[in-house]
Amino acid sequence: MIRRLLLLCLCLPWAAAAQVPAPTVAITFDDLPYVSVPAEDDAALANMTARLLQGLQTDGVPAVGFVNESRLYREGSLVPARVDLLRSWLRAGLELGNHTHSHVSLNRVPLEVFQADLLRGETVTRPLVASEGRSLLWFRHPYLHQGKTADVRTAFAGFLAAHGYRIAPVTVNNSEWVFAVAYARAQAQGNPEAAQRIANAYVPYMDAEFARAEALALDLFGRRIPQVLVLHANALNADHFGALAAMLRQRGYRFVTLDEALQDRAYASPLGAGGIEGESWLEHWARAAGLRPAQPPAVPGFVVQWAGPAAYRGY
Ligand SMILES: [Zn+2]
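Residues numbered from 1 in each chain as written. Predicted model: local features only at pLDDT ≥ 70, side-chain atom pairs only at ≥ 80, totals over all residues. Heavy atoms only, no water.

Caption draft 1: Representation of the coordination of the zinc ion in the model. Distances from the zinc ion to its protein donors, namely D31 (OD), H99 (NE2) and H103 (NE2), fall within the range 2.0 to 2.2 Å. Here the donor residues for the zinc ion map to a single chain with the spacing D-x67-H-x3-H. Here H99 lies in the loop between β5 (95–98) and α4 (111–120) and D31 lies in strand β1 (residues 24–32), a separation of 68 residues in the sequence. The exposure class of D31 is buried, given its relative accessible area of 0%. (Donors = N, O, S within 2.8 Å, 3.2 Å for Na, K, Ca; no water. Helix = DSSP H or I, 4+ residues; strand = E, 2+ residues; numbered from the N terminus. Buried < 20%, exposed > 50% of the residue type's maximum accessible area, 1.4 Å probe, protein only.)

In structure tokens form, the structure reads like this:
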């Protein structure tokens with residue numbers, strides 16, 4: 001009997017661990033080739049991109065980067081060095097997606113205008129992706145605005161399907177971009193102490209965002225679901241993605257591709273027509289189910305102050 005009990009004790013933790021796979025997260029970056037950097041010269045951008053990609057590769061993180069082709073231009077001219085930044089994402093084994101040409105909102109412009117901007121947004125990216133033997137598959141809505149009426153959403157879904165795109169959802173929406181604006185400003189003003197203080201507040205803030213998303217998934221589905229995180233291609237992540245990845249590992253996460261994350265049946269859930277503009281898929285699902293998502297964690301006041309008026313504009 002004692003031996004049987006002992007065996008049970010020895011086996012159960014192992015059996016439990018085997019039955020519960022590690023939670024997963026897919027990482028995505030918006031506003032490529034860059035946003036919120038202290039300097040925009042070609043050398044600084046190449047350096048920033050190299051550090052960001054190095055961080056992803058060190059942590060073995062598959063990611064999708066969503067491009068705004070308007071950011072490839074300077075004073076109306078295409079900048080080859082910025083196209084090279086996109087090429088370096090592909091050569092690092094990462095994927096690229098379409099985030100429209102000029103970061104327009106589907107809630108603010110007519111559907112035809114939005115669709116034309118989206119197609120303009122693949123002018124450089126589609127041949128570039130093809131030249132690296134890959135395909136352009138993903139689309140991410142700017143501001144997570146998905147269209148205000150069911151008619152627009154249905155028509156746009158048909159348009160995306162006709163052009164071979166899949167929608168890239170977000171379940172962990174967050175204010176990382178406010179920290180990034182603050183961080184870039186502190187650096188541009190030659191204040192590394194303030195930049196460090198902002199970076200130190202970034203990871204605990206994201207930890208709280210993940211706790212919130214996990215709690216919402218548990219309320220809705222009674223289990224953990226693969227999360228999809230949105231970040232931006234900025235100096236903050238170029239310098240501190242490693243600390244963010246360490247926090248995620250601490251929470252038990254394994255990094256997966258977007259395609260793998262979306263294979264979970266949770267992503268077949270309808271979004272519902274209601275919800276608040278720019279909320280995550282989890283928040284939309286929650287409202288459709290009659291749940292009210294908890295308030296997001298607050299961005300510390302000193303970070304908002306460093307970000308300045310841009311903190312209220314949104315990305
Ligand atoms: Zn964006």
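Caption draft 2: View of the pairing of strand β2 (residues 63–67). In terms of residue burial, β2 counts as a mostly covered element, since five of its five residues are buried. Burial of β2 is two-sided: the residues A63, G65 and V67 facing one way and the residues V64 and F66 facing the other way are all buried. By the bridge criterion, four bridges tie β1 to β2 in an arrangement that is parallel. Bridged to T28 within β2 is V64. (Pairing = 2+ DSSP bridges.)

Caption draft 3: Seen up close, the pattern of salt bridges. With the rule as written, the count across this model stands at 19 salt bridges. D42 is the partner of R74 in a salt bridge, and the nearest nitrogen-oxygen pair spans 2.9 Å. Of this pair, R74 sits in strand β3 (residues 73–74) while D42 sits in helix α2 (residues 42–58), placing them 32 residues apart in sequence. We classify R74 as partly exposed; its relative accessible area is 37%. (Salt bridge = Lys/Arg side-chain N within 4 Å of Asp/Glu carboxyl O.)

Caption draft 4: Structural detail: the side chain of H145. Inspection of the secondary structure assignment puts H145 in the loop between β6 (138–139) and α6 (150–162). A relative accessible area of 8% means that H145 is categorised as buried. A distance of 3.5 Å separates polar atoms of two side chains, one belonging to H145 and the other to E277. Not counting the four nearest positions on each side in its chain, H145 is found in contact with S105, L106, N107, R108, E277 and G278. (Polar contact = N/O pair within 3.5 Å; in protein donor to acceptor, adjacent residues only side chain to side chain. Contact = heavy atoms within 4.5 Å.)

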